[in-house]
Amino acid sequence: YGDYNQKIDYVFKVVLIGDSAVGKTQLLARFARNEFSMDSKATIGVEFQTKTLIIDNKTVKAQIWDTAGQERYRAVTSAYYRGAVGAMLVFDMTKRQSFDHMARWLEELRGHADKNIVIMLIGNKCDLAALRAVPTEDAQEFAQRENLFFMETSALESTNVETAFLTILTEIYRIIS
Ligand code: GDP
């Protein structure tokens, strides 16, 4: 902190997509600021947050974009996807429909983004185990078929959030460097 002379070797833009209320904003809040809020959406209008980390002795600035509610109006624009080298496709594992919509989001992503983009499927809210509506195997199978990384997370309990972001950023680094 406070090192204004810090040299940034790479800036990686990663976009979060998926239905409304699956937890995109809270995953970002957890990763970037280690915060979580139950009544979300104080952050509407915020385009992205950054977090600087070290990968392989290089300084990588992750610039993570949140749809900030645009998905409600199906108005995620091509500007949102422009320059993205990674994408997190987020569903709520307690809402089957949010998983069923992943194919549509993936199609939209592939239509807009660079063909080498690294994509990770995220089943969020794994703290709500009793309410699970998407078996791990279903998501795993979809991820395998579509060549995506896959992880189950909880923004509430911090489960796998750091790991998920580190995994995608490391993979991007591996491809780009
Ligand atoms: P977004 O519309 O996809 O950005 O979703 P939000 O991040 O606004 O989250 C929607 C709601 O789900 C909010 O009430 C969050 O507090 C809640 N939420 C987000 N992540 C989790 C999680 O991992 N576990 C639980 N139990 N609730 C979560």
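Here is a short report on the structure shown in this document. Owing to the predicted nature of the structure, the values given are computational and were not obtained by experimental measurement.

What follows is about the overall build of the protein chain. For the protein chain, the helix and strand inventory stands at six helices and six strands. What you see in the protein chain, going N to C, is helices and strands ordered as β-α-β-β-α-β-α-α-β-α-β-α. Sorting the 177 residues of the protein chain into buried and exposed places 37% on the buried side. Looking at the protein chain alone, contacts between residues at least 24 apart form 73% of all its contacts between residues at least 6 apart.

The next subject is the sheet that holds strand β2 (residues 48-55). A sheet is described by the order of its strands in space; here six strands give the open sequence β2-β3-β1-β4-β5-β6, paired in mixed fashion. Both edges of this open sheet fall to β2 and β6 (149-152), since each of them pairs with a single strand only. Taken pair by pair, the neighbouring strands of this sheet meet at an average axis angle of 25 degrees, ignoring direction. Pairing of strand β5 (residues 118-124) with β6, which is carried by four bridges, proceeds in the parallel orientation. Paired with Leu 121 across the bridge in β6 is Phe 150.

What follows concerns the nonpolar core. Among the nonpolar cores identified, the biggest contains 45 residues, and Leu 89 and Met 120 are the most heavily contacted of them. Those elements that place two or more of their residues in this core are β1 (10-17), α1 (24-33), β3 (58-65), α2 (78-81), β4 (86-92), α4 (102-112), β5 and α6 (161-176). The element that contributes the greatest number of residues to this core is α6, accounting for six residues. Excluding its chain neighbours within four sequence positions, the residues that come into contact with Leu 89 are Ile 17, Gly 18, Met 102, Trp 105, Leu 106, Ile 119, Met 120, Leu 121 and Ile 122.

This part takes up the pairing of β4. The element β4 is extensively covered by neighbouring structure, given that seven of its seven residues are classed as buried. Two strands pair when backbone bridges link them, and β1 and β4 are joined in this way by four bridges, in the parallel orientation. Bridged to Leu 16 within β4 is Met 88. Pairing geometry for β4 and β5, over seven bridges, is parallel. The residue bridging Phe 91 from the neighbouring strand is Gly 123, located in β5.

So, on to unusual backbone geometry. Positive phi, normally seen in glycine, also occurs at Ala 21, with a value near 75 degrees. Under the C-beta neighbour-count criterion, Ala 21 is labelled partly exposed, with 15 such atoms within 10 Å. A positive phi angle, close to 70 degrees, is found at Ser 158, a residue other than glycine. Position of Ser 158 relative to the elements: it lies in the loop between β6 and α6. Assessed through the 14 C-beta atoms surrounding it within 10 Å, Ser 158 is described here as partly exposed.

Calculation criteria
- Residues numbered from 1 in each chain as written.
- Predicted model: local features only at pLDDT ≥ 70, side-chain atom pairs only at ≥ 80, totals over all residues.
- Helix = DSSP H or I, 4+ residues; strand = E, 2+ residues; numbered from the N terminus.
- Buried ≥ 20, exposed ≤ 12 C-beta atoms within 10 Å, placed from the backbone.
- Contact = placed C-beta atoms within 7 Å.
- Pairing = 2+ DSSP bridges.
- Axes fitted to C-alpha atoms, helices over the stretch in contact; angles between N-to-C directions.
- Core = buried A, V, L, I, M, F, W, Y, C linked by C-beta atoms within 7 Å.

Taken by themselves, the reported measurements are silent on function.
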